[in-house]
Amino acid sequence: MSKVYLTTAIPYVNGAPHIGHALDYLLADTYARYQKSLGNEVRFQAGTDEHGNKIYKKAEELGQPVESYVAENTQKFRDFIKALGVDPTDFIHTTDETHMRRCQEIWKKMADHIYLDSYEGWYCDGCERFVTQKEYDDNNGVCPDHNKPYTKLREENYYFRVSDFKDQIRQAITDKAMLILPEFRAKEMLALLEDTPDVSVSRPVSQLQWGVPVPGDDSQVMYVWVDALSNYITVLGYPDQDISDFWPASVQFVGKDILRFHTIIWPAMLLALGLPLPKTIHSHGHVLSDGQKMSKSIGNVVDPMEVLDRFGLPAFRYFFLRHIDTFADSDFTWEKYESAYNNELANDLGNLVQRLANLCKKQKMSGIKNFQPEQDNEYRALMDSLYFSRALDYAWEKVQAINKEIDDSKPWELAKVLREAAAAGDEAGSVAATKKLESTLESLATKLLNVSYLLEPFLPETATKITEIFTAAEIAPPATPLFPKNI
Ligand code: MSP
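Residues numbered from 1 in each chain as written. Predicted model: local features only at pLDDT ≥ 70, side-chain atom pairs only at ≥ 80, totals over all residues. Heavy atoms only, no water.

### Notes on the overall build of the protein
When helices and strands are counted, the protein shows 17 helices and 16 strands. Principal axes of the C-alpha set define a box for the protein whose edges measure 100 × 45 × 40 Å. In the protein, buried positions account for 54% of the 487 residues. Sequence-distant contacts in the protein: of pairs separated by 6 or more residues, those separated by 24 or more amount to 78%. Here the protein has roughly 21600 Å² of accessible surface; of this, 48% comes from carbon and sulfur atoms. On the protein, the mean spot of the 52 positive side-chain charges and the mean spot of the 71 negative ones are 5 Å from each other. (Helix = DSSP H or I, 4+ residues; strand = E, 2+ residues; numbered from the N terminus. Buried < 20%, exposed > 50% of the residue type's maximum accessible area, 1.4 Å probe, protein only. Contact = heavy atoms within 4.5 Å. Areas by Shrake-Rupley, 256 points an atom, 1.4 Å probe, with all protein chains shown as cover. Lys, Arg positive; Asp, Glu negative; His and termini not counted. Charge placed at Lys NZ, Arg CZ, Asp CG, Glu CD.)

Here it is, written out as structure tokens:
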């Protein structure tokens, strides 16, 4: 049994969750379930990023105390994670006192690589990021992600000497000791690494009050990303406790927009602390809405609770884990969502379960005894490569193959032969027909149980139901189909 540590990006709590926020949690949860099914011990962190100007300014705008604003939105994320069927082992708030104290300890441990200097340049409030003159020029002074002009900063800040660690980071990316997924992004990150100057890691209190105070200098507050990235280890107890059971992380799940923080600043911080680098950084694509980036001004932000309400949790997990490609940007539309529900969940899977269970029930068959899932190497390889949408495509091919096998083997015709033999008093014929029909049904049920095992990390509730039906003392279809139509 090995120990597996999975992390998710901690969202800013400057609003309610949108459907894009589901990805980190669903991907990590799927992998966590898969790892548990292999007998491994999984620790799974989630949390909320509660500091920084973006949040402070939003609370001010609303005339609300920042503490209560943060608490309200944090609760929405907690509710959301629960509604997704995700149950992390650890949940961190960056305004938590223990986290803040541990961040200060981390700062002190990195002190040899930190120096004071003055900064004059550009900043994006949306990204909470310092922007180079080149980026400013390339984007004509407006952040393409947030559609907001960069702001000019002139201030004294502490700097972190990333250059002390560039060689080690380059090496770790190149020899994949720190694997970046999808692999084509590694090249992008190597290019960014070369261009990365020393990073400003604090802001004057006059500019940013809502953050972790820099130890030994009351006039400065830590840059929100230093505080946020530290969460991955403070949640394990660092530096108060030995974290070597779970650190380095097995996989850190993040969106492509924040990959640069996780492959440059974060590894540099870890190296400054003398800690090993994460084994894998997994960056997923973005969820688009009607072909566009979601934005309040376009008015295409989709509320995940509404999507969950439409067809329930398994449908939500299914769509976001299969039809949102794990590594590429993909589109959510209500039309696609409804079509996936009706054609795939209701028709392909729901009908299959209903049909097969009905045929078994007519024969008064008992479920498969002592069922043991088969090893499926192709599936394992896809899961191990963390390409979850492909692994789910693969499982679905198996669902379709069982449907085809039922159509081809026509068990209802075997049942007819049986009825005719019985009516004619043909005992030998009846026995032979029963044997043939029951062995056909048993083989189909076994295949369905194997598929259910493949689906388990993605659709745990559905997999449990299928397993219960086909291993019960008497097989019977569920009173309500797994995915009722026209809801
Ligand atoms: N607070 C930082 C993360 C700090 S991690 C130490 C942040 N927050 S965020 O709220 O903007 O994003 C949280 C996560 O949601 C990130 O992984 C981000 O990539 C992801 N997504 C935000 N919008 C998204 C989509 N439209 N689609 C998919 N994921 C997206 O960045």
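### Comments concerning the packing of helix α8 (residues 224-234) against helix α9 (residues 259-272)
For the pair α8 and α9, interaxial distance at closest approach is 11 Å and the crossing angle is 75°. Between α8 and α9, the crossing angle belongs to the class labelled roughly perpendicular. Within the contact between the two elements, α8 uses Trp225, Val226, Leu229, Ser230, Tyr232 and Ile233 and α9 uses Phe261, His262, Ile265, Trp266, Met269 and Leu270. Broken down by class, the residue content of the contact of α8 with α9 amounts to ten nonpolar, two polar and no charged. (Axes fitted to C-alpha atoms, helices over the stretch in contact; angles between N-to-C directions. Parallel < 35°, antiparallel > 145°, perpendicular 65-115°, else oblique. Nonpolar A, V, L, I, M, F, W, Y, C, P; charged D, E, K, R; others polar.)

### Quick notes on helix α2 (residues 53-61)
If you check which residues of α2 are buried, you get Asn53, Lys54, Ile55, Tyr56 and Ala59. Tucked inside the fold, the buried residues of α2 contact α3 (66-83) and β11 (202-204). Residue Gly63 follows α2 closely and has a positive phi angle near 65°.

### Overview of the nonpolar core
Phe160, Ile233, Trp247, Phe316, Phe320 and Phe470 are the most contacted members of the largest nonpolar core, which has 160 residues in total. Take this core: its biggest share by element is twelve residues, from helix α12 (residues 334-362). For Phe160, the contacting residues outside a window of four places in its chain are Met110, His113, Ile114, Phe165, Asp198, Val199, Val201, Ile265, Ala268, Met269 and Ala272. Residues Trp122, Cys127, Cys143 and Tyr150 belong to the second largest nonpolar core, which totals six residues. (Core = buried A, V, L, I, M, F, W, Y, C linked by side-chain atoms within 4.5 Å.)

### Observations regarding the pattern of salt bridges
For the structure shown, the criterion picks out 26 salt bridges. The partner of Lys108 in a salt bridge is Glu105, and the shortest N-O contact between them spans 3.6 Å. One end of the pair is Lys108 and the other is Glu105, both in helix α4 (residues 97-109) and three residues apart, which spans about a single turn. Classification of Lys108 as partly exposed rests on a relative accessible area of 47%. A salt bridge links Arg129 to Glu135; its shortest N-O distance comes to 2.9 Å. Given a relative accessible area of 18%, Glu135 falls into the buried group. Through salt bridges with shared partners, one network takes in Asp29, Arg33 and Arg317. (Salt bridge = Lys/Arg side-chain N within 4 Å of Asp/Glu carboxyl O.)

### Here we look at the environment of Ala381
Relative to the elements of secondary structure, Ala381 occurs in helix α13 (residues 377-384). Residue Ala381 is classed as partly exposed on the basis of its relative accessible area of 46%. Taking the C-alpha atoms as reference points, Ala381 and Ala391, ten residues apart in sequence, are found 8.6 Å from one another.

### Let's talk about the site of the ligand
Around the ligand sit 24 residues, and of these Ile10, Asp24, Asp49, Asp257 and Val287 come closest. Residue Asp24 places a side-chain N or O atom 2.7 Å away from an oxygen atom belonging to the ligand. The side chain of Asp257 places a nitrogen or oxygen atom 2.5 Å from an oxygen atom of the ligand. Bound to the protein, the ligand loses 92% of the 650 Å² it would expose on its own. Listed by contribution, the elements that provide at least two residues to the shell around the ligand are α1 (22-37), α8 and β13 (251-255). No other element matches the four residues that α8 contributes to the shell around the ligand. Its residues assigned to classes, the shell around the ligand shows 13 nonpolar, eight polar and three charged. (Near = heavy atom within 4 Å. Polar contact = N/O pair within 3.5 Å; in protein donor to acceptor, adjacent residues only side chain to side chain.)

### Examining the layout of surface pockets
Where empty space is left in the structure can be found by rolling a water-sized probe over the atoms. One number sums up the size of the second largest pocket: a volume of about 610 Å³. Lining the second largest pocket are 22 residues, with Arg129, Phe130, Thr132, Glu135 and Pro197 positioned closest to its centre. If you list the elements that add at least two residues to the lining of the second largest pocket, you get β5 (129-131), α5 (133-138), α7 (184-195), β10 (199-200) and α9. Counting residues per element, the lining of the second largest pocket draws most heavily on α9, at four residues. (1 Å grid on protein atoms, 1.4 Å probe; cavity = no way out; pocket = protein on both sides within 12 Å on 5 of 7 lines; lining within 4 Å. Points joined across faces, edges and corners; volume = space filled by probe spheres on them.)

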